[in-house]
Structure formats: structure tokens, C-alpha cells
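# Residue-level structure breakdown
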Amino acid sequence: MATKYETVIGLEVHIELATESKIFCSCSAKFGGEQNDHVCPACCGMPGMLPVVNKHVVDLGMTAGMMLNCDINRVTTFDKKSYYYPDLPGSYQTTQWFSPVAVNGTVRINTSKGEKDIRIKQIHMEEDAGKLVHDDWTNTTFVDFNRTSVPLIEIVSQPDLSSAEEVVAYLERLRSLLRFAKVSECRMEQGSMRCDVNLSVRPEGSNVLGVRTEMKNMNSISAIERAIEYETARHIDAIENGTEELVQETRRWDDIKGKSFAMRNKETAGDYRYFPDPNVMPVCIDDEWFDGIKASLPEFPEVKKDKYITELGLGEYDADLLTESRALCDVFEEAYAECGMAKEAANWIISNCMKVLNRKQLTADMLDINGKALGQLIKLVADGKVGNANARKILDEMFENDIEPEKYAEENGFIVSNDTSKIQDVINAVVAADQKSVADFKSGKEKALMALFGKCMKELKGNCDPQILREMLLKTIQ
Ligand SMILES: [Zn+2]
């Protein structure tokens with residue numbers, strides 16, 4: 001009988017933290033800028049510069065730890081990991097080895113096989129490296145230090161994952177929890193979430209681990225899926241048919257060729273000569289700091305979803321869409337608190353706000369409007385004070401400026417006027433100018449009425465109760 005195999009996968013996920021400045025100096029941690037614009041002697045690894053830990057980095061490290069059910073180390077320390085590479089000016093990376101910020105967590109995932117808890121070994125804080133830019137024209141390589149010392153956390157799982165499906169579910173769950181807690185935007189395509197995949201294969205039921213290979217810096221979920229399937233098949237083929245000798249090594253995944261290639265022998269911890277960084281003070285987390293972070297944690301997305309359905313009466317579909325993003329939840333909750341109409345608030349966000357975001361090529365996470373003002377706008381529409389088309393114009397303006405919807409509507413002539421004599425004047429003029437539509441309507445063409453209605457509404461600049469206009473128009477024609 002043929003042997004059955006199981007895949008054993010552990011992940012190291014690097015996440016760039018949403019901080020303004022770098023981990024050990026005050027240089028900007030933001031993307032962009034000219035090359036080597038965001039640098040100082042500290043992040044360039046100049047001798048004698050003393051690093052100072054950015055407190056916000058520790059805040060976010062603790063937040064991530066708590067979101068993933070970890071224990072927080074109340075004294076957390078930084079260590080030097082030595083290796084040489086041109087984008088690492090000090091020839092060592094400052095990271096955490098002996099006492100990382102968070103340990104022993106769990107993340108629950110849901111796949112076609114049901115629920116499963118993935119254990120988290122640790123979360124440590126560390127600095128990113130710089131970037132090498134190769135210029136083929138002059139055959140020269142440049143170093144850009146803008147990214148050196150940008151803060152990262154690395155989330156190390158135990159080897160509890162056993163398929164591409166589980167890995168995808170795990171990464172999506174991490175992304176959702178960390179975005180909710182505003183730890184990071186976790187954008188794989190922009191490199192703010194990257195993943196190293198450690199994989200081995202063994203006969204089902206065996207408790208001995210097979211030879212492990214590592215694929216580094218994977219930055220798309222679909223590539224990770226393909227790489228895991230390819231590596232699993234390669235390992236099984238090597239074991240069954242002796243096609244090659246499996247060695248512990250780091251491999252590069254080529255997504256275009258759909259193959260992995262050997263890069264170098266895998267380093268062991270000993271190669272890095274970890275030792276405590278004498279320049280960085282240990283960070284002591286007292287009760288006040290710990291409790292403050294604990295109190296700031298958001299509700300989990302599924303708790304919010306449940307509340308939206310049971311307490312606010314939203315449908316499952318709407319609740320699902322809103323809880324995909326913390327930004328949508330925040331705006332929705334503020335708008336609802338203001339207008340008291342949950343369904344309307346959800347509709348405005350899911351249809352109108354999403355349309356504006358799409359037009360601006362922004363994602364849901366980037367929704368940045370005043371929720372209270374959105375609630376006021378929804379009330380204006382519900383009270384018949386502003387027509388739908390004009391309300392959408394006001395919404396557009398809300399994406400640009402912090403406005404008061406009612407005041408803005410008044411200033412721009414968007415308040416519905418039900419001055420019937422003015423409406424009658426407009427109807428008379430439109431009807432007189434378009435006798436053909438009137439005749440069409442009288443001969444049974446319903447559509448002709450819509451044409452006349454549209455012309456009147458346009459003349460009135462949308463500031464008219466549609467019901468009143470329709471009734472008056474019909475009366476006039478008949
Ligand atoms: Zn700096």
C-alpha cells in the first residue's frame with residue numbers, strides 16, 4: 001500500500017508596524033521620499049550612536065500579542081543578530097531573541113475541515129534592512145537606507161499548519177485581527193506583510209519531522225499557495241523516488257516558472273551569534289502600561305458582526321461586508337449613533353461610500369470620513385430636506401473636507417423647497433417646450449413621463465420632493 005504523507009508547515013510572518021517614526025531614531029518610517037532621505041547616523045549604523053526604543057513600537061507589539069492570545073513578557077529586551085549584507089550597515093540586525101515581547105499565543109482558523117487552533121511560538125520586535133537598487137545601465141548597485149530601522153514584528157508560529165488552505169486561512173485571520181487593532185495595514189502587495197514558509201513532509205502518523213526547507217519573503221497569497229503545493233510534491237517525490245537528496249536549505253520561489261530553486265544552506269541560530277545588545281535598554285512594562293493597552297483593544301470582528309445582526313437588525317451580508325474593515329465599522333458606528341438608522345447607515349457605506357472609494361482607487365480600509373457628519377446627512381435625506389442626487393454630492397465633499405452637511409446644503413442651494421408655485425412654473429415651462437413627450441405619454445408611453453420628470457427635476461436642481469413633483473406633473477398633463 002502506498003505511503004500517505006502529511007505536510008508540516010510553520011510560518012514566520014513579518015509585519016511592518018503603522019508608526020510615524022523608525023524603531024530606534026526619529027526618522028520618518030513612511031514610504032516614499034528620495035533615496036536616503038529618511039536617514040540619520042543612528043539608522044545608518046554609524047559607530048557610537050545610541051538607539052532609543054520608540055514606545056509606540058512596543059505599544060503595537062503588545063497589542064499584536066494580546067490580539068493573538070499571547071503572554072506578554074513584562075521585561076522585554078533587544079539582541080544583536082549578526083550577519084553581513086550591504087543593506088545592513090551595522091553588520092547586525094537589532095531584534096529580540098532572549099525575551100521577545102509576546103510568547104505562547106493561539107490563532108483560531110476556520111477551513112473546510114472545521115476549526116483549528118494554530119499555536120504562536122512568539123512575536124518579536126525588530127528593525128527592517130535597507131534596499132539594494134541595481135542599475136543595469138551603469139552596472140552599479142546603490143544602497144537606499146530609507147527602510148533601515150523601520151519597525152517590524154515577526155510572528156512565529158509552531159509547525160501546526162498542514163495545507164495551503166490552512167496557511168491561507170491563517171494569514172487572512174492574522175491580517176484581519178491586526179488591521180482591526182490598527183497594528184499594521186498588512187498589505188502584502190506593498191510589502192508591509194511578508195511571509196517565510198518552513199515546510200517538511202513525513203509519513204502520516206509519524207512524529208519525526210522530515211528535512212525542512214524555507215522559502216523566504218513570499219508576498220502574495222496565491223504565490224504562497226502554489227509554492228506550498230510545489231514544495232510538498234517535490235519533497236514526496238524525493239522521498240519516494242530518490243529524485244534528489246533533500247537538504248535543509250533556503251529556497252527561492254519563482255512564481256513565473258512555478259518552481260523553487262536552492263539559494264543557500266539554511267543558517268542555524270548559532271550562525272547568527274545572538275547576544276544582548278548592550279546599547280538598548282531593557283523595556284519594562286508596568287501594570288499601568290499593560291492595562292492601558294488591554295483596555296484599548298478592539299472587539300473582534302466576529303463579535304461586532306454578531307452585534308450588528310442581533311442588536312441592530314442588519315442582514316448577514318451587510319454585517320459581513322462592514323466587519324471586513326475596521327474603518328468601515330468605525331464610520332458605521334458613528335453614523336448610526338448620530339442618525340439611529342442602522343440599515344440606512346449600512347446602505348450608505350456599502351453602496352455610496354464604496355463607490356467613491358472605488359472611483360478614487362482606494363480600499364475600504366482607507367475610508368476616512370466623519371461618521372457623525374454621515375449620520376447627519378442620512379437624517380437630512382430621511383427627513384426629505386435633501387434629495388438623493390444632491391446628498392451624493394455632499395458625500396463627495398465630505399471625502400475632501402470636514403463639512404457640516406446641513407450648512408453645506410444651505411450654502412449650495414441643496415435644500416429641498418416645496419414652494420408649489422415655483423414647481424408649477426417649472427412644470428408649465430417644461431411641458432410647453434416638450435409637447436411631443438406630452439403627446440407620447442397620452443398615447444400610452446409611460447416612459448415619456450419620466451423624461452418630463454427628469455427635465456423638471458433638473459430645472460429645480462434636485463431640490464424638490466419627488467412625490468410632490470410627480471403628482472403635480474401628472475395633474476398638469478391630464
Ligand atoms: Zn534615523
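Here's what I pulled together on the structure shown here. (Residues numbered from 1 in each chain as written. Predicted model: local features only at pLDDT ≥ 70, side-chain atom pairs only at ≥ 80, totals over all residues.)

Phi at Asn139 is positive, roughly 50°, even though this residue is not glycine. Following the sequence through the fold, Asn139 ends up in the loop between strand E8 (131–135) and strand E9 (140–144). (Helix = DSSP H or I, 4+ residues; strand = E, 2+ residues; numbered from the N terminus.)

Each strand in a sheet pairs with another by means of backbone hydrogen bonds, the pair being arranged parallel or else antiparallel. Spatial strand order, E2-E6-E7-E10-E1-E11-E12-E13-E14: nine strands in an open sheet with mixed pairing. Pairing within the sheet leaves two strands with one partner each, and these edge strands are strand E2 (71–72) and strand E14 (259–265). In this sheet, strand E6 (residues 102–111) lies alongside E2 in antiparallel orientation, the contact comprising two bridges. Residue Ile72 lies in a different strand from E6, and its bridge partner there is Ala102. Its contacts with the sheet put helix H3 (residues 221–241) on strand E1 (5–16), strand E11 (193–203), strand E12 (213–218), strand E13 (249–254) and E14, and the angle it makes with E11 is roughly 25°. (Pairing = 2+ DSSP bridges. Contact = placed C-beta atoms within 7 Å. Axes fitted to C-alpha atoms, helices over the stretch in contact; angles between N-to-C directions.)

This next bit is on the sheet that holds strand E15 (residues 275–276). One open sheet accounts for three strands, arranged E5-E4-E15; its pairing is antiparallel. Looking at the sheet topology across the chains shown, the edges are occupied by strand E5 (92–95) and E15. As paired strands, strand E4 (residues 79–82) and E15 are joined by two bridges and run antiparallel to one another. When the sheet's bridge partners are listed, Asp79 is paired in E15 with Pro276.

Here the focus is helix H9 (residues 371–382). With 12 residues, H9 ought to run about 16 Å at 1.5 Å a step, and its terminal C-alpha atoms sit 17 Å apart, in line with that. Within H9, nine of the 12 residues are buried, leaving the element largely enclosed by the surrounding structure. Along H9, the residues that are buried comprise Gly371, Ala373, Leu374, Gly375, Gln376, Leu377, Ile378, Leu380 and Val381. Tucked into the core, H9 has its buried residues touching helix H7 (326–339), helix H8 (342–359), helix H10 (388–400) and helix H11 (405–411). Count one or two residues on from H9 and you reach Gly384, which has phi positive near 75°. (Expected span 1.5 Å × (residues − 1). Buried ≥ 20, exposed ≤ 12 C-beta atoms within 10 Å, placed from the backbone.)

Core analysis: the biggest nonpolar cluster contains 57 residues, and Ile15, Ala64, Val167, Tyr170 and Val197 have the highest contact counts within it. Considering every element that reaches this core, the biggest residue donor is helix H2 (residues 164–180), with eight residues. Those residues in contact with Ala64 that lie beyond four places of it in its chain are Ala102, Ile123, Ile153, Leu178 and Val183. Among the nonpolar cores identified, the runner-up in size contains 42 residues, and Leu328, Ala409, Ile423 and Cys464 belong to it. (Core = buried A, V, L, I, M, F, W, Y, C linked by C-beta atoms within 7 Å.)

The subject of this paragraph is the packing of helix H12 (residues 420–433) against helix H14 (residues 447–459). Two quantities define a packed helix pair, namely the angle between the axes and the distance from one axis to the other. The geometry of H12 relative to H14 is characterised by a closest axis approach of 9 Å and an angle of 130° between their N-to-C directions. Classified by the angle their axes make, H12 and H14 are oblique. For the pair H12 and H14, the sense of crossing is right-handed. Residues Val426, Ile427, Val430 and Val431 of H12 pack against Leu452, Lys455, Cys456 and Glu459 of H14. Broken down by class, the residue content of the contact of H12 with H14 amounts to six nonpolar, no polar and two charged. (Parallel < 35°, antiparallel > 145°, perpendicular 65-115°, else oblique. Left-handed = near helix turned anticlockwise from the far one by under 90°. Nonpolar A, V, L, I, M, F, W, Y, C, P; charged D, E, K, R; others polar.)

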